[in-house]
Amino acid sequence: MTKASDVFTLKNGNNIEVTFIGRGGQLIGIKVPDAKGEIADVVIGYENVDAALAGDGYFGALCGRYANRIVGGKFELDGTQYQLDVNNGPNHLHGGNDGFNSRVWDVEPYADSKYAQAYKLSLVSPDGDQKYPGELTVSVIYGLTDDNELVIDYTADTTKPTIINLTSHAYFNLKGAGTGTVENHILELNADKYTPISAEIGTVTGEIAEVKGTAMDFVDAKKIGDACHSDCPQVKLVDGIDHNFVINGYDGNLKLAARLSDPESGREMQVFTDQPGVQIYTGSHFDGSETGKSGAPIEKWAGVALETQIFPDSPNKENFPNAVLRPGEVYKHTCVYKFS
Ligand code: BGC
């Protein structure tokens, strides 16, 4: 039986080292060399496992059953109304008060020649968990390749019709956690459209809008700070970026969603996914009150999360992708973070 504090490490032949714990499958360290071979830990987190267990439970964690917000925690499926637990004002966020980020996953080594090293994380979420219908059986592979890819491969099935949207909630700072903010990081998104939010704590309006002419336009690479400091009303609402982007050409196959780079260290990360969306979140709620790695306070915009996903509140938006999973079907989601 895996314990919350158990630590697991994946290594490849190029000095990349990924560390996670049993609770939430939380990625607590991703060490990546730069061009000169200098190693930095590129995920925001705490100084040790005890601090991670006591701290922000979303850092690097697996989120579910439904990552992101469901407005009012309500949805209808096959004519039945469901009311999920609410934990974010009147809304449901990242699976509720006891989301998958706070569960201890069962972790075992996983053998596959694709990977230099891999682990399989498993969880059974009982029927009625956080008021979701159906018993959901989930497995997630964390695999590290010799091509410097951290592959996160999700599968799940259910005993009753339900909704699902799993993601990973790591915040990246490619210069290194604790070295300042990501304002100078360059972000490029394969997204001509995004889903605007309303004033009511980040819930999507249901509109699918063009990024062109707004701060949300990352089609041509630009500094994250350019968007965060703009007076775009969407940015002002959440003091940064906390938006879902619509990945161009979604067809269920793996596609480049994002490219993030830090000009100073030269580290770059590409994000590939087979999902229709990616939530970009610049950590606007960090306020320096928590101590992170190297003893540095975790400040506003200290890192950026790139959460591949189905769109927020899809179960209530007819024009958004389908998030329903039925018995006999398999939910599949792959996310690849590739470092160079
Ligand atoms: C959401 C933010 C939320 C944060 C909590 C992100 O995925 O987009 O709105 O505050 O999770 O850690």
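Residue numbers run consecutively from 1 along every chain, following the written order of its sequence. Note on the predicted model: pLDDT of at least 70 is required for a residue's local features to be given, and 80 or more for side-chain atom pairs to be given and counted; whole-chain, interface and lining totals, by contrast, use all residues. Hydrogens and water are ignored here; the side-chain numbers use all heavy atoms of the structure.

Draft legend 1. Local environment of the layout of surface pockets. Reported here for the largest pocket is a volume of approximately 370 Å³. Every residue lining the largest pocket is counted, 20 residues in all, and those nearest its centre are R69, L93, D242, Y281 and H285. Put simply, DSSP marks the helices as runs of H or I at least four residues long and the strands as runs of E at least two long, and each gets a number from the N terminus on. Among the secondary structure elements, those contributing two or more residues to the lining of the largest pocket are helix 3 (233-238) and strand 24 (277-281). Note that Gly is not counted as nonpolar here; it falls among the polar residues with everything else outside the nonpolar set of Ala, Val, Leu, Ile, Met, Phe, Trp, Tyr, Cys and Pro and the charged set of Asp, Glu, Lys and Arg. Counted by class, the lining of the largest pocket contains 8 nonpolar, 8 polar and 4 charged residues. Grid spacing is 1 Å over the protein atoms alone, the probe is 1.4 Å, and a cavity is where that probe fits but cannot get out, while a pocket is an open set with protein on both sides within 12 Å along at least five of seven lines and lining residues have an atom within 4 Å of a point. Grid points are joined across faces, edges and corners, and a volume is the space filled by probe spheres set on the points. What the second largest pocket holds in volume is close to 220 Å³. Taken together, 17 residues make up the lining of the second largest pocket; nearest its centre are I28, G29, D41, Y46 and K293. Secondary-structure elements contributing two or more residues to the lining of the second largest pocket are strand 2 (17-21), strand 3 (27-33) and helix 1 (49-54). The dominant element in the lining of the second largest pocket, judged by the number of residues it contributes, is strand 3, at 4 residues. Split into classes, the residues belonging to the lining of the second largest pocket amount to 6 nonpolar, 6 polar and 5 charged.

Draft legend 2. Spotlight on the side chain of T162. Here T162 is to be found in strand 14 (residues 162-163). Each residue is assigned to one of three classes by its accessible area relative to the maximum for its type, calculated with a 1.4 Å probe on protein chains only: buried under 20%, partly exposed between the two thresholds, exposed over 50%. A residue is classified by how much of its surface remains accessible, and T162, at 0% relative accessible area, is buried. Polar contacts involving the side chain of T162 include one to the side chain of R65, which spans 3.5 Å. Whether two residues are in contact is decided by their heavy atoms: any pair within 4.5 Å suffices. Discounting chain neighbours no more than four positions away, the residues touching T162 are R65, L77, Y132, P133, L136, A323, V324 and L325. Any N or O atom pair separated by 3.5 Å or less is treated as a polar contact, with the protein-specific requirement of one donor-capable and one acceptor-capable atom, and with residues adjacent in sequence counted only for side-chain atom pairs.

Draft legend 3. Representation of unusual backbone geometry. With an omega dihedral of 0 degrees, the bond running from G64 to R65 counts as a cis peptide bond. Within the element layout of this structure, R65 appears in the loop between strand 5 (62-63) and strand 6 (69-70). The backbone phi angle of D78 is positive, close to 50 degrees, even though this residue is not glycine. Topologically, D78 is positioned in the loop between strand 7 (74-77) and strand 8 (80-83). D78 gets classed as exposed once you look at its relative accessible area, which sits at 52%.

Draft legend 4. Layout of the sheet that holds strand 4 (residues 39-41). Any two strands with at least two DSSP-identified bridges between them are counted as paired. Read from one edge of the open sheet, 4 strands run 1-2-3-4, paired in antiparallel fashion. Each edge of the open sheet is held by one strand with a lone partner, namely strand 1 (7-11) and strand 4. Strand-to-strand twist in this sheet, taken as the mean axis angle between neighbours without regard to direction, amounts to 15 degrees. Looking at chain direction, strand 1 and strand 2 are connected through 5 bridges and run antiparallel. The residue bridging F8 from the neighbouring strand is F20, located in strand 2. Here an axis means a line fitted to C-alpha atoms, over the contact stretch when the element is a helix, while the angle between two N-to-C directions is reported on a 0 to 180 degree scale.

Draft legend 5. Local environment of the site of the ligand. Residues are classed as near a molecule or strand on a simple rule: at least one heavy atom within 4 Å of it. Neighbouring the ligand are the residues Y58, R69, H94, H169, Y171, D242, Q279, Y281, H285 and E307. H169 places a polar side-chain atom, nitrogen or oxygen, 2.8 Å from an oxygen atom of the ligand. Here an oxygen atom of the ligand and a side-chain polar atom of E307 are 2.9 Å apart. Using a 1.4 Å probe, accessible areas were evaluated by the Shrake-Rupley method; residue-level cover was limited to the displayed protein chains. Surface burial for the ligand is 91%, taken as the share of its 310 Å² of free accessible area covered by protein chains. A cavity or pocket is said to hold a molecule if more than half of that molecule's atoms lie within 2 Å of its grid points. Using a 2 Å cut-off from the grid points, one finds that the ligand occupies the largest pocket. Class assignment of the residues belonging to the shell around the ligand gives a composition of 3 nonpolar, 4 polar and 3 charged.

Draft legend 6. Main features of the state of the cysteines. Criterion for a disulfide: a pair of cysteine sulfur atoms within 2.5 Å. The tally for this structure, following the rule as stated, stands at 0 disulfides. C63 carries a free sulfur, and the closest cysteine sulfur to it, the one in C335, is 12 Å from it. C63 gets classed as buried once you look at its relative accessible area, which sits at 1%. The closest cysteine sulfur to the non-disulfide-bonded C232 is located on C228, 11 Å from its own sulfur.

Draft legend 7. Structural view of the pattern of salt bridges. Every case where a carboxyl oxygen of Asp or Glu lies within 4 Å of a side-chain nitrogen of Lys or Arg is listed as a salt bridge. Evaluation of the coordinates by the stated rule reveals 15 salt bridges. Across the pair D85 and K131 runs a salt bridge, and its minimum N-O distance is 2.6 Å. Of this pair, D85 sits in the loop between strand 8 and strand 9 (92-93) while K131 is found in the loop between strand 11 (117-125) and strand 12 (136-144), placing the two residues 46 residues apart along the sequence. Residue D85 is classed as partly exposed on the basis of its relative accessible area, which comes to 21%. Through salt bridges with shared partners, one network takes in D98, R103 and D129.

Draft legend 8. Spotlight on the environment of I28. Among the structural elements, I28 can be located in strand 3. It is 29 Å that separates the C-alpha atoms of I28 and A323, two residues lying 295 residues apart in sequence.

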